[in-house]
Structures are given as structure tokens and as C-alpha cells.
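# Breakdown of the fold
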Amino acid sequence: MNKPESIGNKQIDVSLPGRGGKTMSALQAVAFAKMMGQQQQWPVAKVVMQQVTEQLPDYLEAWLALFEACEAMEDYVMLSGAATRCLEHKPRCVQALMALATALGKHQRHLEALEIIATAIKLEPDNPRLRKQRESLRQEREH
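As the structure is a computational prediction, the values presented were derived from the model and not from experiment.

### Quick notes on the packing of helix α6 (residues 94-106) against helix α8 (residues 128-142)
Describing two packed helices takes the angle between their axes plus the distance from one axis to the other. The N-to-C vectors of α6 and α8 enclose an angle of 15 degrees; their axes lie 11 Å apart at closest approach. Between α6 and α8, the interaxial angle falls into the category roughly parallel. As for how α6 packs across α8, the hand of that crossing is left-handed. Where α6 abuts α8, its residues V94, M98, A101, T102 and G105 lie against R129, L130, Q133, L137 and E140. Looking at the contact of α6 with α8 residue by residue, the classes come out as five nonpolar, three polar and two charged.

What follows is the structure, given as C-alpha cells:
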């Protein structure tokens, strides 16, 4: 099993339209994406994190940054796809389950979202964010 530090130090190739390609560490790419997000440059962050997750599918920090960019852009189709891909590599990833439940909820698929949150609660029974998300989905379903 790779330690997060060693994955973060792996070199990856990132290219941006109009800016060309660059090689950097995965850690640098995530830091760049977070900086872009702080500047509301979510499309740039999303493109960079898509490239990182394709090259290093076991790098959780990249997935989390991609989920954040998708949510900020309200791109729930991409969020659903990204969460599903992450779960293929990290089947017990609670953050990916939460992201998938969020995407499903935004598409009015509340029962599926609630089932996914139930699975996540089994993995992390003391996680207050899961209970809050479950309650929010239940309320959305009733309206």
C-alpha cells in the first residue's frame, strides 16, 4: 500500500488549454488546484484534478479536490462519475460515498442517495457530516 506522501511525490504531466504541458508532483498539482479554487477558477482546478486522478487513481487528495471543484461548479454529472471512479479504487472511501450521494440527491434520486449514506454510516458511524447529509436528503425527498 502506498503512503499518501509517496503518492504525492510522484511526477505527473498536466496540460492546460492555452498554457501547454508541465510536469510536477501530484502534491504540487493538488496545491495548484486548491489555489485555483480559492480564486474561483474552478474549471482550471477541475481539469487539473481530472488529469491527476487519471494518472494516480489511488491519490485521495486529488479525488477530494476534484469533488470540491465539481460541487463548486454544480457539475453533478461529473461529480457522480468521479465519485464512482474513486470508489472503484477506494471502495471504502466515505468522502466518495458522500460525493456520490450528493450528486444523486441533486438529480432527485433520493432513495439511492440515502442507501449510499447508510453504507457510509456503517463505515464511519460517528461521522456527524453523514448524519447531517442523511437528514438533508430526507428533507429534500419530502418536498
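### Notes on the environment of Q133
Take Q133: it is sitting in helix α8. Separated by 20 residues in sequence, Q133 and A113 have C-alpha atoms that sit 9.6 Å apart. Ignoring any residue separated from it by four or fewer positions in sequence, one finds Q133 in contact with M98, A101, T102 and I117.

### Re the packing of aromatic side chains
Summed over all chains, the structure comprises one aromatic pair. Between W63 and F67, the aromatic rings sit 6.4 Å apart at their centres with planes inclined by 35 degrees, giving tilted as the arrangement. Remark: F67 and W63 occur in helix α4 (residues 60-72); sequence separation between them is four residues, near one turn of the helix. With respect to burial, W63 and F67 carry one shared label: buried.

### Points about the side chain of T53
Examined against the element boundaries, T53 turns out to sit in helix α3 (residues 42-55). Polar side-chain contacts of T53 include one of 3.0 Å to the backbone oxygen of Q50. In terms of polar contacts, T53 uses its side chain to reach the side chain of R85, at 3.1 Å. Residues in contact with T53, not counting those within four places in the same chain, are A62, W63, L66 and R85.

### Some details on the state of the cysteines
Counted by the stated rule, this structure contains zero disulfides. Free cysteine: C86, not disulfide-bonded; nearest cysteine sulfur from C93 at 4.2 Å. On the accessibility criterion, C86 (0% relative accessible area) is buried.

### With respect to the side chain of D75
Mapped onto the elements of the fold, D75 is located in the loop between α4 and α5 (76-89). Separated by 2.7 Å, the side chains of D75 and K46 make a polar contact. Apart from the residues within four sequence positions on either side, D75 is in contact with K46 and C70.

### What to know about the pairing of strand β1 (residues 11-16)
Where burial is concerned, the two faces of β1 differ: the one with I12, V14 and L16 is buried and the one with Q11, D13 and S15 is not. In this structure, β1 lies alongside strand β2 (residues 20-25), joined through six bridges in antiparallel fashion. Looking across to β2, one finds that V14 is bridged to K22. A loop of three residues connects β1 with β2, the two strands running antiparallel in sequence, and G18 in this loop sits at a positive phi of about 80 degrees.

### Overview of the nonpolar core
Formed by 49 residues in total, the largest nonpolar core has its most connected members in A29, V48, M49, V52, Y59 and F67. Listing elements by their share of this core, those giving two or more residues are β1, α2 (26-38), α3, α4, α5, α6, α7 (110-123) and α8. When residues of this core are assigned to their parent elements, the largest contribution, nine residues, is made by α6. The contacts of V48, once residues within four sequence positions are left out, are V14, L16, A29 and F32.

Reading guide: rules and limits
Residues numbered from 1 in each chain as written. Predicted model: local features only at pLDDT ≥ 70, side-chain atom pairs only at ≥ 80, totals over all residues. Heavy atoms only, no water. Axes fitted to C-alpha atoms, helices over the stretch in contact; angles between N-to-C directions. Helix = DSSP H or I, 4+ residues; strand = E, 2+ residues; numbered from the N terminus. Parallel < 35°, antiparallel > 145°, perpendicular 65-115°, else oblique. Left-handed = near helix turned anticlockwise from the far one by under 90°. Contact = heavy atoms within 4.5 Å. Nonpolar A, V, L, I, M, F, W, Y, C, P; charged D, E, K, R; others polar. Phe/Tyr/Trp six-rings, centres within 6.5 Å; stacked < 30°, edge-to-face > 60°. Buried < 20%, exposed > 50% of the residue type's maximum accessible area, 1.4 Å probe, protein only. Polar contact = N/O pair within 3.5 Å; in protein donor to acceptor, adjacent residues only side chain to side chain. Disulfide = S-S within 2.5 Å. Pairing = 2+ DSSP bridges. Core = buried A, V, L, I, M, F, W, Y, C linked by side-chain atoms within 4.5 Å.

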